[in-house]
Structure formats: structure tokens, C-alpha cells
Amino acid sequence: GAVVSQHPSRVICKSGTSVKIECRSLDFQATTMFWYRQFPKKSLMLMATSNEGSKATYEQGVEKDKFLINHASLTLSTLTVTSAHPEDSSFYICSARDSGRFNEQFFGPGTRLTVL
Amino acid sequence: AQKITQTQPGMFVQEKEAVTLDCTYDTSDQSYGLFWYKQPSSGEMIFLIYQGSYDEQNATEGRYSLNFQKARKSANLVISASQLGDSAMYFCAMRYTGTASKLTFGTGTRLQVTL
């Protein structure tokens, strides 16, 4: 199946710093990628839709200036959590859309962010 | 608004038995897709099975089958011959047309397979 990677898998940072998370589709091109956030024992909540070469579309309630998304190529999208605070601690998961397979989404392994 | 409901927060099943995980959805769209994903403790989301709203036959993938009842708006996942490795969180999700493949997820069901 299609492979999506995320880096880093875990990150611990101090409050006030910025953290960048990368999402890569390894064996297919993804014009669209999605960023989700998951709190412990909760469901996935879509944060934003990342489109290659254009601005991301954010879900209601998600701060654009807080969660910067860049989709510079067909295989890479990045999420930057700016000036992170403890309440930003969460599990962040990306997915990439493979238009050749029922518009299927393939998920990355996730990044666990802990802000001290 | 579209909504996915999973009413079973937790389920237990004995090894080698079959188990059904419930999922109901609410949409006014005629064209949509239904997905089931498995999330083990490692956190990755593993695609299990897909059912399109116009598919006449229930989807099957190995030990997984989807009991699709369109009139009742339900898309239950059936796992046959449960294995210990099936213990995980299971999420039902829906994709509806015109939303660039955005998925809406249910709250999940934690399945525990016992000896």
C-alpha cells in the first residue's frame, strides 16, 4: 500500500518555541494532504487541508497563525506549531490523498508533541 | 451536518470469535464513502475497508466485512475469527462529495480480544 511518513515521531519542546512536523508521501504524489489532531482517547479532528502550491484551508476554530502549513511539493507538507504552549501538546497525524485509489487517504504514523 | 456515531466505547471478544462494531451516520448527501480504520497503541491509522454509497454489494477484505444498510444509515464492521493482534481502537469515518476528500471520524470503539 501507499506509504506516508512523518518526522519527527516524538518531540519535546519548551513553551514558546516553534516546532515543525514533516509529512511525506513516499511512493505517490499527493496534491492534497490533511492534518489532524488527536487528544488522548479521543477521535481525530481535522485541522486543515493542505493543497500543493496554494494556501491551506483551515477548519473552523483552528488558528491559522498558530498552525502554519506549507505544501511546497507533491510529496511534502509541513505543519509548524508556532510559539507552542502546553495546551498544544497532542498527537498530530497527517494523511495524503491518493487520487488513484477511491480518493483514499493514507495516514502517517503520527507525531507526539509534548510542550513543557 | 454530517455526523458519524459509534455507540460502543469498548468491546470484548474471545479469540477466534466474530465481533461486530457499530457505526451509524447522518447525511443528506446521496454520494458518500464510508471507511473503517484501525489504530493500534502505536498510533498509526491503518485502513481496513471502504464502502461507497452506490455500491450494491457489501465490501469485504479478508477477515473484515462491512454490513452496509443504506436505509438505516449504518455501516457496521464485522471482524471474523478474531486474533489477539486485532486489539486496538477502531474508527468509522465518512467522506462526502464536494469536500476534497475530507473525512469525518466517529469517536471510536476500543476492541479487546481475549484468550
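Residues numbered from 1 in each chain as written. Chains lettered and ligands numbered in written order. Predicted model: local features only at pLDDT ≥ 70, side-chain atom pairs only at ≥ 80, totals over all residues. Heavy atoms only, no water.

Undergrad: Please give an account of the packing of aromatic side chains that cites residues and values.
TA: Geometrically, a pair of aromatic rings is defined through the distance of the ring centres and the angle of the planes. Evaluation of the coordinates by the stated rule reveals 13 aromatic pairs over all chains. Ring geometry for Phe-107 of chain A against Tyr-37 of chain B: centres 5.0 Å apart, planes inclined by 80°, an arrangement best described as edge-to-face. One end of the pair, Phe-107 of chain A, is in strand S10 (residues 104-107); the other, Tyr-37 of chain B, is in strand S5 (residues 32-39), on a second chain. Tyr-37 of chain B sits in the buried class, given a relative accessible area of 0%. The lysine or arginine in question, Arg-63 of chain B, covers the ring of Tyr-64 of chain B, its NZ or CZ lying 5.7 Å from the ring centre. (Phe/Tyr/Trp six-rings, centres within 6.5 Å; stacked < 30°, edge-to-face > 60°. Helix = DSSP H or I, 4+ residues; strand = E, 2+ residues; numbered from the N terminus. Buried < 20%, exposed > 50% of the residue type's maximum accessible area, 1.4 Å probe, protein only. Lys NZ or Arg CZ within 6 Å of the ring centre and 35° of its normal.)

Undergrad: Which residues make up the sheet that holds strand S1 (residues 4-7) of chain A, and what values do they have?
TA: All names here are of chain A. Taken together, the four strands give an open sheet; going across it, the order is S1-S3-S8-S7, and neighbouring strands pair in antiparallel fashion. The open sheet has two edge strands with one neighbour each: S1 and strand S7 (67-73). The mean inter-strand angle of the sheet, taken between neighbouring strand axes irrespective of direction, is 15°. Direction of pairing for S7 relative to strand S8 (residues 76-81): antiparallel, over a ladder of five bridges. What sits directly across from Leu-68, in S8, is Thr-80. (Pairing = 2+ DSSP bridges. Axes fitted to C-alpha atoms, helices over the stretch in contact; angles between N-to-C directions.)

Undergrad: Before we move on, could you go through the interface of chain B and chain A and cite the residues and values that matter?
TA: If you look at the interface, chain B gives 18 residues, while chain A gives 20 residues. Approximately 1500 Å² of surface area, both sides summed, lies buried where chain B meets chain A, with 56% of it carried by carbon and sulfur atoms. Close ionic contact of Lys-102 of chain B with Glu-59 of chain A constitutes a salt bridge, the shortest N to O distance being 2.9 Å. Inspection of the chain B/chain A interface yields four residue pairs in polar contact (both at pLDDT 80 or more). Breaking the side of chain B that touches chain A down by element, the ones donating at least two residues are S5, strand S6 (46-52), strand S10 (88-96) and strand S11 (103-105) of chain B. (Contact = heavy atoms within 4.5 Å. Buried area = accessible area lost by both parts, 1.4 Å probe. Salt bridge = Lys/Arg side-chain N within 4 Å of Asp/Glu carboxyl O. Polar contact = N/O pair within 3.5 Å; in protein donor to acceptor, adjacent residues only side chain to side chain.)

Undergrad: Tell me what's going on with the environment of Thr-114 of chain B, and back it up with residues and numbers.
TA: Residues and elements named next belong to chain B. Counting through the fold element by element, Thr-114 comes out in strand S12 (residues 109-114). We classify Thr-114 as partly exposed; its relative accessible area is 30%. Distance from Thr-114 to Gln-83, taken between C-alpha atoms, is 8.5 Å for residues 31 residues apart in sequence. If near-sequence neighbours (up to four positions away) are discounted, Thr-114 is found in contact with Phe-12, Val-13, Gln-14, Glu-15 and Leu-84.

Undergrad: Give me the lowdown on the side chain of Ser-74 of chain B, citing residues and values where you can.
TA: Examined against the element boundaries, Ser-74 of chain B turns out to sit in strand S9 (residues 74-79). Residue contacts for Ser-74 of chain B: discarding those within four places in its chain leaves Cys-23, Thr-24, Tyr-25, Asn-67, Phe-68 and Gln-69 of chain B.

Undergrad: So what's going on with the pattern of salt bridges? Which residues, and what values?
TA: Residue and element names in this part refer to chain A. In the structure shown here, the tally under the stated rule is five salt bridges over all chains. With a shortest N-O distance of 3.5 Å, Arg-24 and Glu-22 are connected by a salt bridge. Assessed through its relative accessible area of 24%, Glu-22 is described here as partly exposed.

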